[in-house]
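So the chains spell out like this:
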Amino acid sequence: MEELSEASWNKEWYKYTPIHKLLPHSASWPHNSTNESSYTRTDSILEPFVKHKDLFADPFLDFTISSLSIHKPIEILKNEKIQDNPVKLNTLSTEDIAHFILKPRASDSFFHISQEFIHAWPTITNLYLKTDPIQKAEICLDIDSLEDVVGTLNFLVLQSEKSQVKVNILMRGKGLVRCSLYSVLNGVEAKLDVRTLILSSGKSHQDFHSVILHEKPSAISREIVRILGFDKSVSAFGGKIFVAPHAQKTDAYQSSKSTLYSEEARVYARPFLEIYADDVRCSHGCTSGVLDQLNHFYLRSRGIPDKTARKLLAMAFARSCFEHPEETFLNHPFYKIIDKKLEKCI
């Protein structure tokens, strides 16, 4: 499979992101400093990623693997059941590069995690999740940053047979922040649901990058990305769904929608489908636009002030990212954060 993909970190994948600013000063490029022997003592979670490291071509992922096997210990987070009290990663480690493993304690686990990048120097946070067969896990990941702060968060997910994983990501930082999701559906009938909302304001640069590998047959993946751009912000999304030759009966869907609330805001979206199986159902869609003038006029004609109407439309667009047709979640952990953020942006 390594011969099938030509992904490379120095090509189009990072066209819109100043990647050289994201690497910590204490780090060195693994392409120049490591060799195959550095991958011999990696954790079992990373084995599929090492196996297909050409597909997951990324300097951060390479550095994650090499630093985990040689330098850094792994810290374990216990899952929290209380949605309003997230585990704050920035309070658990002050290192340039920190590693955390999510350990589901039951067949159905919920994690609410907060990462705020606050240091003046670039930092990297690595999260790892490995599921057992038939296990369910839901992760709510809130990523924030101070102004002019640089940070990167990598999330590696390895799924087993008939496991179900839901990943909800909210990016709302004020600096240069990159979030990368690498997922391997390594079990038959595994299910992955990814929902990502990017709220960019000021002069922030928010970058979400994902690679989903369908390694086994009959797996299902859903990826929904919504972007709201304000002021002079820049947002970028690059997502690839890779279907291996033997991953028949795969069902994969990817959707990216962006709304710009400013003429100076910028959004770059690059969805990918790379399919090598012939009995699959895969699709993707990508749209970008401005505020819906028809809906805005309807609200204004009902006596709703302009600012309130714009905020209501933005809230509806943002909240739709985390709505699941099969369940009612009126008190999602992100809803209050989204409303508070939009109050400042509009």
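Located above this text is the structure these notes cover.
Rules used in this analysis
Residues numbered from 1 in each chain as written. Predicted model: local features only at pLDDT ≥ 70, side-chain atom pairs only at ≥ 80, totals over all residues. Heavy atoms only, no water. Helix = DSSP H or I, 4+ residues; strand = E, 2+ residues; numbered from the N terminus. Buried < 20%, exposed > 50% of the residue type's maximum accessible area, 1.4 Å probe, protein only. Contact = heavy atoms within 4.5 Å. Areas by Shrake-Rupley, 256 points an atom, 1.4 Å probe, with all protein chains shown as cover. Axes fitted to C-alpha atoms, helices over the stretch in contact; angles between N-to-C directions. Parallel < 35°, antiparallel > 145°, perpendicular 65-115°, else oblique. Left-handed = near helix turned anticlockwise from the far one by under 90°. Core = buried A, V, L, I, M, F, W, Y, C linked by side-chain atoms within 4.5 Å. Pairing = 2+ DSSP bridges.

Peer 1: Mind showing me how you'd approach the overall build of the protein chain here?
Peer 2: Counting secondary structure elements, the protein chain contains six helices and 16 strands. For the protein chain, buried positions account for 55% of its 346 residues. Contacts in the protein chain between residues far apart in sequence, at least 24 positions, make up 86% of those at least 6 positions apart. Summed over all atoms, the accessible surface of the protein chain reaches about 15300 Å², with 49% contributed by carbon and sulfur.

Peer 1: I would appreciate a short explanation of the packing of helix α4 (residues 293–301) against helix α5 (residues 306–319) in the present structure.
Peer 2: The axes of two packed helices give the description: the angle between them and the distance between them. Closest axis-to-axis distance for the α4/α5 pair is 9 Å, and the angle between their directions is 135°. Between α4 and α5, the crossing angle belongs to the class labelled oblique. In this structure, α4 meets α5 at a crossing whose hand is right-handed. For the pair α4 and α5, contact is made by Asn295, His296, Leu299 and Arg300 and by Asp306, Ala309, Arg310, Leu312 and Leu313, respectively.

Peer 1: Could you clarify how one ought to interpret the side chain of Gln135 in this entry?
Peer 2: One can find Gln135 in the loop between β5 (123–130) and β6 (136–145). Residue class for Gln135 comes out buried when judged on its relative accessible area of 8%. When neighbours within four sequence positions are excluded, Gln135 is seen to be in contact with Pro104, Ala106, Ser107, Lys130, Ser163 and Gln164.

Peer 1: How should the nonpolar core be read in this particular structure?
Peer 2: Across soluble globular proteins, nonpolar side chains show a tendency to be buried alongside one another. Counting residues in hydrophobic clusters, the biggest one holds 37 residues, and the most contacted among them are Leu127, Ile139, Ile143, Phe155 and Phe208. Those residues within four positions of Ile143 in sequence are excluded, and the remaining contacts are Gln115, Phe117, Leu153, Ile169, Leu170, Met171, Arg172, Gly173, Val177 and Cys179. With 24 residues, the next largest nonpolar core counts Leu170, Leu197, Ala309 and Ala318 among its residues.

Peer 1: Honestly, the pairing of strand β12 (residues 220–229) in this entry has me stumped. Any pointers?
Peer 2: Two faces make up the sheet, and in a regular strand the side chains alternate between them. Counting buried residues in β12 gives eight out of 10 residues, a clear majority hidden from the surface. Two strands pair when backbone bridges link them, and strand β10 (residues 191–200) and β12 are joined in this way by 10 bridges, in the parallel orientation. In the sheet register, Lys191 faces β12, and the bridge partner there is Ile220. Sheet analysis places β12 next to strand β14 (residues 251–260), joined by 10 bridges and oriented parallel. For Glu223, the partnering residue across the bridge sits in β14 and is Gln254.

Peer 1: When you look at the sheet that holds strand β8 (residues 164–171) in this model, what are you seeing that I'm missing?
Peer 2: Strand pairing within a sheet occurs via backbone hydrogen bonds; the two strands may be parallel or antiparallel. Read from one edge to the other, the open sheet built from eight strands follows the order β2-β4-β6-β8-β10-β12-β14-β16, with strand pairing classed as parallel. Strands with a single pairing partner mark the edges of an open sheet, and in this sheet they are β2 (87–88) and β16 (281–290). With two bridges connecting them, β2 and strand β4 (residues 108–117) associate as parallel partners. From the neighbouring strand, Val87 faces β4, where its bridge partner is Ile113. Each of β10, β12 and β14 is contacted by α5, which is oriented at about 160° to β12, the strand it contacts most. Across the sheet, helix α6 (residues 335–345) lies against β6, β8, β10 and β12, angled at about 20° from β10, the strand it touches most.

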